[in-house]
Amino acid sequence: MVTVTPSPSLTSTAAPMETPAAPTKFSVTVPPASAAKSGVATTLINIENFDFYYGAKQALFDINLKLDDKRVTAFIGPSGCGKSTLLRCLNRMNDLIDGTSIKRGSISIRDVDIYGRDVDAIELRKRVGMVFQKSNPFPKSIYENITYGLRIQGVKTKSRLDEVVEKSLRGAALWDEVKDRLHESGLGLSGGQQQRLCIARTIAVEPEVILMDEPCSALDPIATSKVEELIHELKKQFTIIIVTHSMQQAARCSDKTAFFYMGKLIEYDDTRNIFMNPANPQTEAYVSGRFG
Amino acid sequence: MSSPSSPAAPTFVIGKARTRMLGLTLDECIQAFFGGNALVAVIVLALITFFLFREGAQFFNQNRDNIRIYRLAGLEYVDYMRQQQEDHTALTRYLFDVRLRTLKHLTEVEHCSLAEANARLASFDDFAGRYGDAIEPVRGLVSDLTEVATAIKTKFTIGEDTKIQREQLLSVGKTAEAAAVVIQPVDFKSELAPILGTLPAYKEAAVVVRKNLEASLATIPALPVHSLQPRMDRFKQLTRDYLATFPTTLHAMEIWDYTRPVPLWKSFTGFMLGRQWLTASFWQDWYGIVPLFAGSLLISMIALFIAVPLGVGAAIYVNQIASSTEQGLIKPTIEFISAIPSVVLGFFGIAVLGQALRAVSQIQSLNWIPGFPFSERLNALTAGCLLALIAVPTIFTLAEDAINNVPRAFKEASFALGATRMQTILRIIVPASLSGIVSAILLGLGRVIGETMVVLLCAGNRIQIPDFSVGLSVVTQPVHTMTGIIAQEMGEVPQGSIHYRALFMVGVALFFLALLINFFAQKIVRKYRISIG
Ligand SMILES: Nc1ncnc2c1ncn2[C@@H]1O[C@H](COP(=O)(O)OP(=O)(O)OP(=O)(O)O)[C@@H](O)[C@H]1O
Ligand SMILES: [Mg+2]
């Protein structure tokens, strides 16, 4: 068993690291508009003192994080630091893995504790959708892929389904490419198209939050930029949390960024600050590409 | 390569010293070994196929001779009349059944005493008696001619036997003894004359039968139980249909000709479509595979009906729902079933399951189940239940494999869209693994069709096409199977006889059936590999 040492301080160092050099030129350029978004964001998701275990192995240590409504938040950090784990806690996907447990803390969305007694994980997942690292359309037609989420909720009306298919595909910037082949298999699309199909499938059930776990890691630069444009569009309507290994992507897409290391949240701030002026030397080392 | 003129250039050595045996390197030896094994397997399969066919193919010639003598000796001719007589017997059986129902109704519903009930049936019995006797003229003819035809056939068989005897003597060089063997040729034309000469007598008899039946139909009494009247109306219709076959029979007899040759395909269709498997009969042997095939099919269907839900259900449960402790318990248990020798299962079927099923079927409150109660302990149901046990591990293991091969990503995507576990299983997991499941079922079927011991011990071994017209209760009839008949009869038949070869042909048919099933299973699996990657 790993003993938990609560470490509320964001600057706590979990492991010895190389001393960061003085901030110099970062390899990442941050669009100035990114942080200066009009309007004041409200908190949608509130993670408090969250500890998470895979069996006896602790994967998350005392996470405290408030995620904004209708904003894009990026999770960054070196491999194995727990980004995916935290992301999958937000829609309770980790419930599917045997032996996982939450020993402390809570996650609430709109002040409802999602691990509360009377919360139905199925209902939660309808509100909190997810796009995976590797695109995973069902071995069904494009049309059926998109309507799946509605059909399992019992929607049968053809006109309603048609409408949702078009709206979701347009929302995922895929409509023009596939409108003539809606009834062909979703597996016949290119990798980038498949990933956008998965996004379309997710937005078809109109969730409030979309979790994206490295959605572009298997895509080429053009497909990636398409998905990134899409994220810009989607954030008008959805709250998006994206895990990424690409600093550029985090900088381009997100309003706020959280940096994790060894299962701990090291720093969380406006993306602009994280990249231009990080408070923590570990963050600086990571975003400047000196470790990770 | 380095040249001697420039000794400074370094040599580029990529060769390697290899030990060689018989001029082969070690790698080549290993290759040869595995290749040789594969070749042996292929050759053995080819040999099996070849010998199976060689033994079996002889059957068609022999069966043709068998059918030819059936015609030459006039058995076929007599069978026309016999058929007429038997159809009539079937009708009287129908009458008897109506009487039984009426009696039951009278005693149980109207609470008559037995004597009273019998008295009320007196006019019916009188009618039934007249109806039954109506066939007498034809019956007499048939029994006379049966003897004549059998005598011709025996004479012919003896002639054939002496021919063989003489050939054997000749082949060992005993020419003198061979010459002494007298072969009595059978003159079919003159032998058949007494049989064919009865045609006028038959015509007369048929007319009498028709008149008798029509007369008795005209005086058919009303049944004491009104609700059973429709059965009597149906009986009238059946009799009229029966009478309508008379001219056809007569025509067939008139144009019958013992010299008409028997084409070879008749021998083939006689086997493939023959509805009788009748051996060692005094009259005529028939080798028709249909009753055996139907028995095998019925048992397999029962087995699959039970094993598919169990096997596939268990596979889904173990793979998708069970905790790892349950998995660790269920999987080895099911797989262990396949380790039970089938003869032990058969023994269990006779001693326990058959008894238990019969006892259950005789529980009064379960009478509504079709086929209940039944009195045969060994029947298709008993065998089917045990075969299901044999098929379950096959289906379970392969179906579980197929389900396991469904990428985890599909399941996660489904859950992430808010699907419940059941929705995910039914809409994603099962469709994605469907072809694998279907091929698992097909291979289970192959396993069941080929199973021998259990069916031999538990199916009841009655060679008869199951009566599917009785609906679901057909499952409680005793049947015989293709595998069972081979195991049962092969030991008792003289090698090279037609019966022996017929059993070989049943084996060939089984072989093809198994081949077909495997072929489809593989085809489906291939498709499935492509679709899931
Ligand atoms: N199913 C699991 N069972 C046990 N341990 C796991 C499981 N999934 C992840 N872990 C462990 O939890 C820790 C965090 O993993 P996680 O997948 O969240 O990392 P990550 O930040 O997403 O990494 P990456 O960038 O490589 O995807 C790792 O040490 C990992 O080994
Ligand atoms: Mg990850």
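Since the model is a prediction, treat every value here as computed from it, not as a measurement. (Residues numbered from 1 in each chain as written. Chains lettered and ligands numbered in written order. Predicted model: local features only at pLDDT ≥ 70, side-chain atom pairs only at ≥ 80, totals over all residues. Heavy atoms only, no water.)

Participant: Explain the packing of helix H6 (residues 191–204) of chain A against helix H7 (residues 221–234) of chain A residue by residue, including any values.
Facilitator: Residues and elements named next belong to chain A. Remark: H6 packs on H7, axes separated minimally by 9 Å, with the N-to-C direction vectors making an angle of 20°. Judged on the interaxial angle alone, H7 and H6 are roughly parallel. Here H6 runs over H7; the crossing is right-handed. Facing H6, whose interface residues are Gly192, Arg196, Ile199 and Ile203, H7 presents Ala223, Lys226, Val227, Leu230 and Leu234. The class makeup of the residues in the contact of H6 with H7 is 6 nonpolar, 1 polar and 2 charged. (Axes fitted to C-alpha atoms, helices over the stretch in contact; angles between N-to-C directions. Helix = DSSP H or I, 4+ residues; strand = E, 2+ residues; numbered from the N terminus. Parallel < 35°, antiparallel > 145°, perpendicular 65-115°, else oblique. Left-handed = near helix turned anticlockwise from the far one by under 90°. Contact = heavy atoms within 4.5 Å. Nonpolar A, V, L, I, M, F, W, Y, C, P; charged D, E, K, R; others polar.)

Participant: Hey, could you go over unusual backbone geometry for me, with residue numbers and the actual values?
Facilitator: Residues and elements named next belong to chain A. With phi around 50°, glutamate 206 is a residue other than glycine that occupies positive phi space. Assignment of secondary structure puts glutamate 206 in the loop between H6 and strand S7 (209–213). In this structure glutamate 206 comes out as partly exposed when scored by relative accessible area, which is 39%. (Buried < 20%, exposed > 50% of the residue type's maximum accessible area, 1.4 Å probe, protein only.)

Participant: Quick rundown of the nonpolar core? Include the residues and the values.
Facilitator: Of all hydrophobic cores here, the largest spans 117 residues; its most connected members are Ile45, Ile47, Leu65 and Phe75 of chain A. Counting residues in each nonpolar core, the second largest holds 52 residues, with Leu95, Cys112, Ile135 and Val209 of chain B among its members. (Core = buried A, V, L, I, M, F, W, Y, C linked by side-chain atoms within 4.5 Å.)

Participant: How would you explain helix H15 (residues 380–404) of chain B if you had to name every residue and give the values?
Facilitator: All names here are of chain B. In this model, H15 (25 residues) spans 34 Å end to end at C-alpha, consistent with the 36 Å of a helix rising 1.5 Å per residue. The largest bend in H15 is about 35°, located at alanine 391, with the proline proline 393 one to four residues further on. The opening residue of H15, the one whose side-chain oxygen lies 3.0 Å from the backbone nitrogen of leucine 381, is asparagine 379. (Expected span 1.5 Å × (residues − 1). Bend = angle between axes of the 7 residues up to and from the residue. Polar contact = N/O pair within 3.5 Å; in protein donor to acceptor, adjacent residues only side chain to side chain.)

Participant: Explain empty space enclosed by the protein to me, using residue names and the numbers behind them.
Facilitator: All names here are of chain B. Evaluated as defined, the whole model comprises 1 cavity of 30 Å³ or more. For the largest cavity, the calculated volume is near 40 Å³. Surrounding the largest cavity, Ser296, Ile299, Ser300, Leu387, Val448, Ile449, Glu451, Val455, Thr481 and Thr483 form its lining. No other element matches helix H12 (residues 290–321), which puts 3 residues into the lining of the largest cavity. When grouped by side-chain class, the residues that make up the lining of the largest cavity number 5 nonpolar, 4 polar and 1 charged. (1 Å grid on protein atoms, 1.4 Å probe; cavity = no way out; pocket = protein on both sides within 12 Å on 5 of 7 lines; lining within 4 Å. Points joined across faces, edges and corners; volume = space filled by probe spheres on them.)

Participant: Give a detailed account of the sheet that holds strand S6 (residues 128–131) of chain A, specifying residues and quantitative values.
Facilitator: Residues and elements named next belong to chain A. Strand order in the open sheet formed by 6 strands is S6-S7-S8-S3-S9-S10, and the pairing between neighbours is mixed. Only two strands of the sheet have a single partner each, and these edge strands are S6 and strand S10 (264–270). Within this sheet the neighbouring strands show an average axis-to-axis angle of 20°, counted without direction. Contacting strand S3 (72–76), S6, S7, strand S8 (239–243) and strand S9 (256–261), helix H1 (residues 83–90) runs over the sheet at an angle of about 155° to S7. Packed onto the sheet, H7 meets S3, S7 and S8 and runs at close to 150° relative to S8. (Pairing = 2+ DSSP bridges.)

Without other data, these values stay purely geometric and don't point to any function.
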